[in-house]
Amino acid sequence: MADSTSAVAVLAPLSGIRVALERVPDPVFAQRIVGDGCSLDPVSGTLLAPIDGRVVQLHGSRHALTLRSPAGIDLLLHIGVDTVGLRGEGFEALVAEGEEVRAGQPLIRFDIDGVAQRARSLLTQVLVANVDAIERIELGRGALEAGGSVLFRVFPKSASTGAPVGGDAAAGELLVSDPLPLPNPAGLHARPAAVLAERARAFDCPIFLLLGERRGNARSVVEIMALGSRQGDALRIEARGPAATSAIETLSALIRQGCGEDLEAAAAQLAAMTAAASQPAASSRREPGVLVGVTASPGMALGAVARWRRAAPRIVDQAGAPEAEREKLTKALDEVRRRLARLGSAAHDAARSGVLGAQQGMLDDPGLAEKAEEGIAAGLSAGRAWQAAVEKQAGVLEALDNPLMRERAADLRDVGAAVLRAFSGEVEQPAELPEGCILVAEDLTPSETAQLDVSRVRGLCTTGGGPTGHVAILARSLGLPALCGVDAGVLDLPEGSEVLLDASAGRLLSAPDDGQREAARAAIERARQRQASMQAAAARPAHSRCGARILVVANVRHAGDAREALAAGAEGVGLLRSEFLFDARDSAPDEAEQAAAYAEVAEALGPQRPLVIRTLDVGGDKPLPYLPLPREDNPFLGLRGIRVSLAHPELFRVQLRALLRGAGQGDLHLMLPMVAGVEELREARTLLQREADALGVAAPKLGVMIEVPSAALTADALAAEADFFSIGSNDLTQYTLAMDRGHARLAAQADALHPAVLRLVGMTAEAGSRHGRWVGVCGAIAADPLAVPALLGLGVTELSVPAPAVAATKATVAAQSLEDCRALAAELLRLGTAAEVRARLADWEAAHAM
Ligand code: PEP
Ligand code: MG
């Protein structure tokens, strides 16, 4: 199809009229996120191939397919808008994936009237998906006749202007990973996207992420976020060139492991956000003198209004030579990078450093740089070009159907403004705030939030933002009451006037009377005392109401987490997931590096507090790029956990030696993941004893995670030889119910409170108790306050939870009597469904409120 100028003619796949992409009522098409090309309003119902090529993807709903031309152009054909929801009804595929087709050949037949009535639009998109490979497209003219008229022409990049279209193909075969279920509770939002993009940039080959029909450059944080991914989505990675195999392996492992995100903490945070977002609409609670908003962080505060003001950055319009403008941009970007790094190392809490880390990732976004460069090349000043690039990318995020991603547009504008200030030499100063104020603002940018002198602030009130924004995250992490989305009238309140912020109730009283102030002071004092006593209780060892000692410890990854957990009241570490030392790198950590990391944790805990370290839990669904494992049809049932360590004794022995050398001085307990039977425990113990003898030290306690039904069913035999048990309820649930723990559709059914799982927990605890072994739970169910009475009743004596859940878990334990819990557990084991168990536990909770 290439003409004399080597342009590729793309024929109209349907008869109809041409429509500009901007007019398609879906931002992913209108903003060319999916690709560049043209839309058309069809009058015929058989989609014809617009070029010669191979069908590389045929959507399951048969409304879209991708053709790859011999020159490497990927052409996506998408019939209608939102037609995926028709689930294939009215569409008949006439070709199959992998089939070679000729231009004009029928590909899909569809019921044009039926689809027109049921879909949002019949507009059909024809898009070049790999826009990197082309220089431009040129639209044709006139009415469209299927298979006859030229819809548009594609001009591939020539050798002098960049990689030729066939460059990718010439550089090697295109590789595509298996589908990777996304574990991140909020999808690939700024932080994990930044981690992923950074890793992708280390590979010298084109890498894309595929999600359904969406495709994003894996080097670009914005494009990754623009995929609008959600937990459980099946992502695929596409790469080409000599580095493709290793890129796919490394990035697949990274995605499976959550791209550096603490998945448990992220799930807890999302649950808090969802609860906050489910408040009744502000408008339903309007009264005079009351400004309403959405609770971003609960609590009450009385204080004087302080209005946050910020000057917009000045932008110089006068442009010098492009070279000079480019240099200005590079200098400004470097300056902001340095400032963010400085602020990041000074930030003491995870919320602030998370914000700053995400911003750093955005600064390095190649999409932004590319767009700014386009502006400079077109004669704009560096400032204008940068601002236009930021606005364009922020607009893309704002158009997405995901509040979390939309709020990341604020991050982008914030970091964009910091760069604009750096151009003009303006210094971003943290504002001087009056003591004890309620800070009122349209919105606080992430970097303003990160620099806030919180010792002077009693509460926050913003007209913008949402319960998922940075102000909310920071306020919750600091325990500051905060309201967002407040009526705009709040900005007109006189500075210094005393207001009453009742963030829990979602309102701000602009002129509280004496009675209201008095009542508020009393309520604030009661809350302070309650908080203080909860914190004091969090700092004390946990006991049940009847005086039984229950150990409340934490799940951690490294020494930083361990210190945070101790500060939150954890009595030790019940699960250190050692694989965090091993992932996202190209080679295994050596003995010295591992020993140093374990020693740091042991030192943070001291010799008295228990430290349970789980040996490497990888393999199968969590491969390591440097560990050759066979490809498996069923990775969850393949080489995982202890099976990998025993299959690679050299790797296991290095870890055992590092553990003995690094953490041997502490109250070290080693724990084996995914044990299915007693032979594995024996083999591991032999290896451990051998290493301990070689080092001349005593072997630490060796326990077993109960995550496989066979381990629970043979807990008696295991308890005779293991020193302790820790129940991994996440895996135990998935293997008992045969439901993938990351499966979005099964998430509600894969419930650890299913009576079948509870029975296995009970069997494990009984076997442990018969042999004098302690039994803990370190899966997510341990942190569910509803589940705690059931677990205690079944005989569990240790609960290992994420740090933020320690105080509440201790408080729940303190409200229980073990005798009552045992009677409750016996009752639960007679029930037939998880829903019945939950209903009974909800009644229990209501009757045993703390
Ligand atoms: C579990 O399976 O419950 C567990 C704690 O292990 P992980 O979540 O790390 O697989
Ligand atoms: Mg597990």
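Residues numbered from 1 in each chain as written. Chains lettered and ligands numbered in written order. Predicted model: local features only at pLDDT ≥ 70, side-chain atom pairs only at ≥ 80, totals over all residues. Heavy atoms only, no water.

The protein chain is annotated in an unreviewed UniProt entry as phosphoenolpyruvate--protein phosphotransferase from Pseudomarimonas salicorniae. Looking at the protein chain in UniProt, the text filed under Cofactor (unreviewed entry) is "Mg(2+)". Checking UniProt for the protein chain, the heading Sequence similarities (unreviewed entry) contains the comment "Belongs to the PEP-utilizing enzyme family." (UniProt positions renumbered as here; feature names shortened; annotations may be inferred.)

1. Overview of the coordination of the magnesium ion (ligand 2)
Note on metal sites: the ideal angle is 109.5 degrees for four tetrahedral donors, and 90 or 180 degrees for six octahedral donors. At this site the magnesium ion (ligand 2) is bound by Glu707 (OE) and Asp731 (OD), with donor distances of 2.0 Å. Separated by 24 residues along the polypeptide, Glu707 in the loop between β31 (701-706) and α21 (709-713) and Asp731 in helix α23 (residues 729-737) bring together distant segments of the chain. The buried category is assigned to Glu707, whose relative accessible area is 2%. With a relative accessible area of 2%, Asp731 lands in the buried category. (Donors = N, O, S within 2.8 Å, 3.2 Å for Na, K, Ca; no water. Helix = DSSP H or I, 4+ residues; strand = E, 2+ residues; numbered from the N terminus. Buried < 20%, exposed > 50% of the residue type's maximum accessible area, 1.4 Å probe, protein only.)

2. Comments concerning the side chain of Glu591
Along the chain, Glu591 falls in helix α17 (residues 591-605). Note on Glu591: relative accessible area 18%, which makes it buried. Sequence-distant contacts of Glu591, that is, excluding residues within four places in its chain, are made with Val654, Arg657, Ala658 and Arg661. (Contact = heavy atoms within 4.5 Å.)

3. Some details on the state of the cysteines
One pass over the structure, following the stated rule, counts 0 disulfides. A disulfide-free cysteine, Cys461 has its sulfur positioned 9.3 Å from the sulfur of Cys484, the nearest such atom. (Disulfide = S-S within 2.5 Å.)

4. Some thoughts on the pattern of salt bridges
Taken as a whole, this structure holds 38 salt bridges when the rule is applied. Taking the shortest distance from any N to any O, the salt bridge between Glu138 and Arg136 comes out at 2.9 Å. Ionic pairing is found between Arg838 and Asp751, a salt bridge with its closest N-O pair at 2.7 Å. Taken together, the residues span a long stretch of sequence, with Arg838 in helix α28 (residues 834-847) and Asp751 in the loop between α23 and α24 (755-770) at a distance of 87 residues. Looking at Asp751, the relative accessible area reads 9%, which means it is buried. Connected through shared salt-bridge partners, Glu579, Arg614, Asp617, Arg640, Asp731 and Arg741 make up one network. (Salt bridge = Lys/Arg side-chain N within 4 Å of Asp/Glu carboxyl O.)

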